[in-house]
Amino acid sequence: MVKYLTGICLLITVGCLNCFGQGKIERPSLSNKTSSTTGVLDGHKYVDLGLPSGTKWATCNIGTDKFDYYGDYFVWGNPTIITNDNLDWNLRPQYYRQSSFSGLSEYDPAKAIWGGRWHTPSKDEIEELLQFCTFTWTNEYDGGVWVQSKKNGGKIYLPACGGCSGTQGYDYAGIVGLYWTSNASPTETTYNGVYDYSYCMQFVKAEDGTITPTIRTNPRKACLSIRAVCK
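Reading the values: the criteria
- All residue numbers here refer to positions counted from 1 along the written sequence of the relevant chain.
- Note on the predicted model: pLDDT of at least 70 is required for a residue's local features to be given, and 80 or more for side-chain atom pairs to be given and counted; whole-chain, interface and lining totals, by contrast, use all residues.
- Each side-chain value is worked out from all heavy atoms of the structure, with water and hydrogens disregarded.
- Elements are defined by DSSP. Helices are runs of H or I of four residues or more, strands are runs of E of two residues or more, and each kind is numbered from the N terminus.
- The buried label applies to any residue whose accessible area, calculated with a 1.4 Å probe on protein chains only, is under 20% of its type's maximum; exposed applies above 50%, and partly exposed to all values in between.
- The Shrake-Rupley method, run with a 1.4 Å probe sphere, supplies the accessible areas, and residue values consider only the shown protein chains as cover.
- The score called pLDDT rates the predictor's confidence residue by residue, from a low of 0 to a high of 100.
- Two residues form a contact once any of their heavy atoms are found within 4.5 Å.
- Only Phe, Tyr and Trp rings take part, Trp by its six-membered ring, and two of them pair if their centres are within 6.5 Å. Stacked means planes under 30 degrees apart, edge-to-face means over 60, and tilted covers everything else.
- When the NZ atom of lysine or the CZ atom of arginine is within 6 Å of a ring's centre and also within 35 degrees of its normal, the charge is said to sit over that ring.
- Two N or O atoms count as a polar contact when they lie within 3.5 Å, although within protein this holds only if one can serve as hydrogen donor and the other as acceptor, and sequence-adjacent residues are included solely when both atoms are side-chain atoms.
- DSSP bridges decide pairing: two strands pair if at least two such bridges lie between them.
- For our purposes a nonpolar core is just a set of buried Ala, Val, Leu, Ile, Met, Phe, Trp, Tyr and Cys residues, chained together by side-chain atoms within 4.5 Å.
- In what follows, salt bridge is the name for a side-chain nitrogen of Lys or Arg lying within 4 Å of a carboxyl oxygen of Asp or Glu.

Time to look at the overall build of the protein. What the protein contains, in helices and strands, is three helices and 14 strands. When each of the 231 residues of the protein is scored for burial, the buried share is 55%. Taken as a whole, the protein presents about 9900 Å² of accessible surface, with 47% of it coming from carbon and sulfur.

It should be kept in mind that the predicted coordinates are not to be read in detail where pLDDT is low. On average, residues of the protein carry a pLDDT of 80, and 72% of them reach 70 or more. The low-confidence segment residues 1-32, where pLDDT is below 50, has 90 contacts with residues more than four positions distant or belonging to other chains.

What follows covers the side chain of Ser 225. As for its placement among the helices and strands, Ser 225 is situated in the loop between β13 (214-219) and β14 (229-230). What Ser 225 contacts, discounting residues up to four positions off in sequence, is Asn 61, Tyr 70, Asp 72, Tyr 73, Cys 161, Leu 178, Tyr 179 and Trp 180.

Here the structure, examined in full by the defined rule, presents 10 aromatic pairs. Where Trp 137 meets Phe 203, the ring centres are 6.5 Å apart and the plane angle is 65°; that geometry is what we call edge-to-face. Taken together, the positions of Trp 137 in strand β4 (residues 133-138) and Phe 203 in strand β12 (residues 197-204) put the pair 66 residues apart, joining distant regions of the chain. Overall, the relative accessible area of 13% leaves Trp 137 in the buried class. On the accessibility criterion, Phe 203 (0% relative accessible area) is buried. Among the aromatic residues, ring-to-ring pairing joins Phe 67, Tyr 141, Trp 146 and Tyr 157 into one connected group. The ring of Tyr 199 has Lys 123 lying over it, and the distance from NZ or CZ to the ring centre is 5.0 Å.

Structurally, the position occupied by Ile 175 is in the loop between β8 (170-171) and β9 (176-184). Ile 175 sits 29 residues away from Val 204 along the chain, and the two C-alpha atoms are 6.2 Å apart.

In this structure, Asn 61 sits in the loop between β3 (56-58) and α2 (109-114). Only 2.8 Å separates the side chain of Asn 61 from the side chain of Arg 227, close enough to count as a polar contact. Not counting the four nearest positions on each side in its chain, Asn 61 is found in contact with Tyr 69, Tyr 70, Trp 114, Pro 159, Cys 161, Tyr 179, Ser 225, Ile 226 and Arg 227.

Time to look at the sheet that holds strand β1 (residues 39-41). Think of a sheet as strands paired side by side through backbone hydrogen bonds, with each pair either parallel or antiparallel. Sheet architecture is open: four strands sit in the order β1-β2-β3-β14, paired in antiparallel fashion. With one partner strand each, in any of the chains shown, β1 and β14 form the two edges of the open sheet. When β1 meets strand β2 (residues 44-48), the two strands line up antiparallel, connected through three bridges. Its bridge partner lying in β2, Leu 41 is registered against His 44.

Attention shifts here to the nonpolar core. Formed by 27 residues in total, the largest nonpolar core has its most connected members in Trp 57, Leu 129, Phe 135, Val 145, Val 147, Leu 158 and Phe 203. Elements that contribute at least two residues to this core include exactly α3 (123-132), β4, β5 (144-149), β6 (155-159) and β12. Every residue in contact with Phe 135, bar those within four places of it in the chain, is listed here: Leu 129, Leu 130, Val 145, Trp 146, Val 147, Leu 158, Met 201, Ile 211 and Pro 213. Ranked by size, the runner-up nonpolar core spans 24 residues in total, among them Leu 41, Ala 110, Val 176 and Cys 200.

As a further point, take the pattern of salt bridges. Scanning the model with the defined rule gives three salt bridges in all. Put simply, Asp 65 and Lys 66 hold a salt bridge, and the shortest N to O gap is 3.5 Å. The closest approach of N and O atoms between Glu 127 and Lys 123, which form a salt bridge, is 2.7 Å. In this pair, Glu 127 and Lys 123 both sit in helix α3, four residues apart, roughly one turn of the helix.

Structural data, given as structure tokens:
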């Protein structure tokens with residue numbers, strides 16, 4: 001699968017092979033287990049991974065309170081939850097002309113929905129996660145990764161939620177994980193210089209079973225997951 005995930009995101013270039021028929025994918029939780037929890041902030045659980053910045057990572061995605069549920073999907077810079085009714089591009093990414101929407105409730109889904117000190121992680125915060133944690137694939141919960149701190153052993157689970165091109169439905173669940181950052185990409189532009197790409201975290205299981213999470217760019221109209229952070 002890895003060789004097909006270069007250049008513009010797989011979800012955008014080839015569309016979606018199967019439509020789930022729902023904008024919000026909710027399946028039964030596969031386990032009574034939970035990821036490690038070290039605290040609660042503004043009503044939501046977090047894990048302290050011992051990161052140098054002090055950033056704490058939520059135990060679940062925006063749109064759910066279960067660690068192995070997919071939660072909701074969002075276009076970049078718009079806190080409206082994607083559903084079948086707005087999947088046809090009636091809903092578009094809004095925040096075209098700024099470098100980041102982090103913490104601005106008008107544009108940041110994590111801030112708008114969870115409130116308080118929660119926000120969509122920045123590119124720097126995800127780079128820190130990649131540097132100070134190990135990523136290990138598991139098939140136990142329909143596919144995803146355990147992210148474990150090299151500092152204190154704390155861990156979170158990130159399901160491979162797949163995503164959506166914004167026009168054809170959802171696919172690649174259980175295969176690919178794609179999570180938005182709050183940062184625009186200044187290197188890829190359309191619409192007469194207005195930025196139309198943003199950064200996201202991607203992970204996918206290689207044929208040899210290894211995981212190499214990366215930060216890449218993706219068109220803002222893609223519908224991806226968000227894992228909130230706080231400090």
